[in-house]
Amino acid sequence: MGAGTTTGISPVHHTLRTVFGFESFRPNQEMIVSAILNKRDVFAVMPTGGGKSLCYQLPALLLQGTTIIISPLISLMKDQVDAARANGIAAAFMNSSLGQREITDLYRELKSNRLKILYIAPERFAMPQFLETLKGIPLALFAIDEAHCISEWGHDFRPDYLGLSAIPTLFPGVPVAAFTATATQKVQQDIINTIGLRTPRVVRASFNRPNLFYQVEAKSGVEEQLLAFLKDHEKEAGIIYRTTRDSVDATAAFLASRGIRALAYHAGLPPEARERNQEAFNRDEVSVIVATIAFGMGIDKSNVRFVVHADLPRNIEGYYQETGRAGRDGEPAHCLLYFSRGDIPKIRYFIDQVQDDAERAIVMEKLNQTVRFASHNVCRRKQLLAFFGEAYPEENCRACDICTGLVRQTDISTDARIIMSAMARTNERFGINHVIDVVMGADTKRVRELGHDQIKTFGAGRHRDKMHWRFIVDELLAQELIRQDGDRYPVLKLTPKGATLLTGQEQISGIKREEAKTKGRRKQVGDLGSSDRALFERLRIVRKKFAEEQEVPPFVIFSDRTLHEMCRHFPTTESDMRQITGVGDVKLERYGREFIEAIRAYKEGPAHGGDEG
Ligand code: ADP
Ligand code: MG
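Predicted model, so just to flag it, every value in this text is computed and none were measured.

Conventions and cut-offs
- Residues numbered from 1 in each chain as written.
- Chains lettered and ligands numbered in written order.
- Predicted model: local features only at pLDDT ≥ 70, side-chain atom pairs only at ≥ 80, totals over all residues.
- Heavy atoms only, no water.
- Helix = DSSP H or I, 4+ residues; strand = E, 2+ residues; numbered from the N terminus.
- Rg over C-alpha atoms; globule rule 2.2 N^0.38 Å.
- Buried < 20%, exposed > 50% of the residue type's maximum accessible area, 1.4 Å probe, protein only.
- Contact = heavy atoms within 4.5 Å.
- Axes fitted to C-alpha atoms, helices over the stretch in contact; angles between N-to-C directions.
- Parallel < 35°, antiparallel > 145°, perpendicular 65-115°, else oblique.
- Left-handed = near helix turned anticlockwise from the far one by under 90°.
- Nonpolar A, V, L, I, M, F, W, Y, C, P; charged D, E, K, R; others polar.
- Near = heavy atom within 4 Å.
- Polar contact = N/O pair within 3.5 Å; in protein donor to acceptor, adjacent residues only side chain to side chain.
- Areas by Shrake-Rupley, 256 points an atom, 1.4 Å probe, with all protein chains shown as cover.
- Core = buried A, V, L, I, M, F, W, Y, C linked by side-chain atoms within 4.5 Å.
- Domains from an automatic or database assignment.
- Buried area = accessible area lost by both parts, 1.4 Å probe.
- Salt bridge = Lys/Arg side-chain N within 4 Å of Asp/Glu carboxyl O.

Right, let's get into the overall build of the chain. When helices and strands are counted, the chain shows 25 helices and 17 strands. Its C-alpha atoms give the chain a radius of gyration of 28 Å, within 12% of the compact-globule value 25 Å for 613 residues. Seen through its C-alpha atoms, the chain measures out along the principal axes to roughly 90 × 70 × 45 Å. For the chain, the proportion of its 613 residues judged to be buried stands at 54%. The contacts of the chain with a sequence gap of at least 6 include a subset with a gap of at least 24, amounting to 72%.

See below:
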């Protein structure tokens with residue numbers, strides 16, 4: 001322990017630097033690591049990308065014996081082990097994907113104490129041979145990843161996880177650390193009680209993901225919108241979520257027809273195809289995946305640069321989890337939601353199938369929360385964090401459309417009153433389309449039959465197009481001046497607040513989204529100038545070469561963040577290279593030289609240095 005430590009650095013920090021290549025801990029990591037090193041049980045909630053793996057991998061290296069990590073997904077296990085091995089850690093996984101020979105070999109390694117880390121699936125715990133083996137060897141720690149799977153109150157309950165409650169009794173001297181990215185207070189208590197954690201150190205990290213930029217845009221002709229968005233994000237990896245399998249297939253095909261390589265992922269595909277597409281995305285062979293929400297659980301890919309929701313999510317919790325897959329490496333990433341009230345009836349259709357009244361009311365309220373999130377003129381980050389019971393202290397988050405002024409207040413008083421007056425004069429008995437028809441003076445049979453061409457507001461809004469009136473209606477709904485009433489054929493009604501404003505003089509303002517300004521919004525830390533971009537592309541090629549040689553995803557070699565730092569600091573010596581985040585001893589030795597050479601070649605090359613030619 002601590003051998004070779006440079007003066008003044010604790011063994012923990014030394015390992016952080018030399019093995020993982022990190023200069024400092026992320027929030028809460030150090031606290032968790034030291035609790036484990038003091039043999040204390042831990043319960044930790046940290047958002048996706050918060051760096052949970054390090055919390056158990058680092059102590060695993062400093063403690064005597066083997067660390068057993070329980071993880072629910074086979075595909076994740078492999079990536080985690082690849083990543084640990086890439087840092088020179090003796091790690092392996094044992095699950096049903098292995099043959100008998102491999103399992104036998106693993107048992108031998110386990111018994112001779114050659115493994116620092118072993119990943120297993122929860123069902124392994126029910127196997128007597130496995131338990132017997134564990135009892136015979138020194139153990140450092142049990143780490144339970146995705147610990148919410150043990151709770152029936154959570155959203156991913158796995159009966160197999162219940163078997164883990166035997167750990168504290170069977171292995172009284174070994175600390176247990178449970179990790180999750182989602183836990184309400186109720187789920188938290190449930191996890192702690194069910195596993196039987198012994199006065200654990202409880203750590204709840206902030207759910208804020210400062211590197212994520214949140215944006216909501218009005219949805220209209222979403223496939224063309226996606227195309228334009230992707231043009232701005234060429235060569236970046238991203239996920240596009242859609243609600244149904246059909247729309248996933250259609251969007252993937254549309255993008256392909258426009259020359260963008262995008263693969264589809266949904267539960268209707270054969271398992272092999274699903275796995276193949278997931279792997280291709282994981283390994284940077286294809287940059288865009290169009291998926292239903294079934295996608296994402298099984299990937300730890302750290303360089304996802306954008307997550308787009310092309311349809312309205314059903315609840316905020318899911319939305320947060322899905323957007324959370326962006327930017328795990330801590331570099332800026334973009335979360336864009338295309339919002340249209342037209343998506344609401346489709347979701348309501350599913351909600352209406354829910355038999356239980358109480359349950360239906362809950363899912364309905366969750367949908368309403370999502371609609372408010374998308375339509376209210378309030379910092380997106382503040383809204384998301386409030387959802388998790390966290391108060392966001394800053395006035396301006398500087399990383400959402402509201403706070404960066406992509407939306408602007410405009411006076412919509414006159415137009416708002418035209419809509420509300422048309423509603424009032426038709427006795428609040430008609431839906432959005434008809435009200436807009438009346439306002440625009442449409443010559444339809446229905447308007448004539450109802451005599452609505454005779455009312456005072458008929459045609460009062462002829463000078464503006466339908467999109468504009470739709471926008472006004474959306475604003476009024478968002479501000480709760482009007483509401484939709486009725487399930488199948490919802491009609492517009494004035495709320496008491498709206499009725500007061502209709503006859504009053506007060507100004508009504510709305511948020512106007514400025515489409516043209518949405519470009520170039522991501523001028524955050526980490527954005528690269530054009531010359532560095534070129535180096536980044538070269539380094540990506542080097543990374544890809546190593547990844548292919550070793551049959552691991554590229555982010556296992558180096559994260560985007562690591563490459564970006566190289567592009568900013570141009571390390572051309574070993575000691576400079578060691579300063580880069582993510583470059584530990586083993587990676588420096590394995591990959592350092594080639595990356596240094598690529599950087600040198602770039603610096604000296606004719607293409608570098610500004611002007612063309
Ligand atoms: P989680 O499991 O909480 O979603 P991971 O353990 O997968 O997060 O870590 C997310 C990313 O953050 C990984 O790329 C990891 O290498 C990186 N990371 C973790 N800890 C640090 C740190 N202290 N400094 C820099 N990067 C870190
Ligand atoms: Mg994780």
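For the rest of this paragraph, the subject is the packing of helix 16 (residues 413-425) against helix 20 (residues 496-503). Following both chains from N to C, one finds helix 16 and helix 20 inclined at 110°, their axes separated by 10 Å at the closest point. Relative to helix 20, the element helix 16 lies roughly perpendicular. The two elements helix 16 and helix 20 cross, and the hand of that crossing is left-handed. Residues Arg 417, Met 420, Ser 421 and Ala 424 of helix 16 lie in contact with helix 20, whose contacting residues are Gly 498, Leu 501 and Leu 502. Looking at the contact of helix 16 with helix 20 residue by residue, the classes come out as 4 nonpolar, 2 polar and 1 charged.

Here we come to the site of ligand 1. In the vicinity of ligand 1 there are 15 residues, among which Ser 24, Gly 49, Lys 52, Ser 53 and Arg 328 approach most closely. For ligand 1, a nitrogen atom lies 2.9 Å from a polar atom in the backbone of Ser 24. Note that an oxygen atom of ligand 1 is positioned 2.8 Å from one of the side-chain N or O atoms of Lys 52. Out of a free accessible area of 570 Å², ligand 1 has 84% covered by protein chains. For the shell around ligand 1, a count of residues per class yields 3 nonpolar, 9 polar and 3 charged.

With that settled, the discussion passes to the nonpolar core. Counting 118 residues, the largest nonpolar core has Leu 118, Phe 142 and Ile 144 as the members making the most contacts within it. Two domains each provide a minimum of three residues to this core, namely domain 1 (2-204) and domain 2 (212-405). When residues no more than four places from it in sequence are discounted, the contact partners of Phe 142 are Ile 68, Ile 70, Phe 125, Leu 134, Ile 167, Phe 171, Val 174, Pro 175, Val 176 and Ala 177. If you look at the next biggest cluster of nonpolar residues, it comprises 27 residues, including Ile 418, Leu 477, Leu 481 and Leu 501.

This paragraph deals with the domain arrangement of the chain. By domain assignment, the chain separates into domain 1 (2-204), domain 2 (212-405), domain 3 (409-513) and domain 4 (528-604). On a C-alpha basis, the centres of domain 1 and domain 4 stand 29 Å from each other. Together, the buried faces of domain 1 and domain 4 total about 970 Å²; carbon and sulfur atoms form 51% of this surface. Of all residues in domain 1, Thr 18, Gly 21 and Ala 86 give up the largest surface area on contact with domain 4, accounting jointly for 39% of the area buried on that side. Put simply, domain 1 and domain 4 have 0 salt bridges between them. In this assembly, domain 1 and domain 4 are joined by 3 residue pairs in polar contact (both at pLDDT 80 or more). Top element by residues in the side of domain 1 that touches domain 4 is helix 4 (residues 74-86). It accounts for 6 residues. Of the residues assigned to the side of domain 1 that touches domain 4, the class counts are 5 nonpolar, 4 polar and 5 charged.

What follows covers unusual backbone geometry. Excluding glycine, residues mostly have negative phi values, and the peptide bonds linking residues are mostly trans. Residues other than glycine seldom take positive phi values, yet Asn 28 does so here, at roughly 75°. The residue Asn 28 is located in the loop between helix 1 (11-18) and helix 2 (29-37) in this model. Here Thr 199, not a glycine, exhibits a phi torsion of approximately 30°, which is positive. In this fold, Thr 199 is placed in the loop between helix 8 (185-195) and strand 7 (201-204). With a relative accessible area of 66%, Thr 199 lands in the exposed category.

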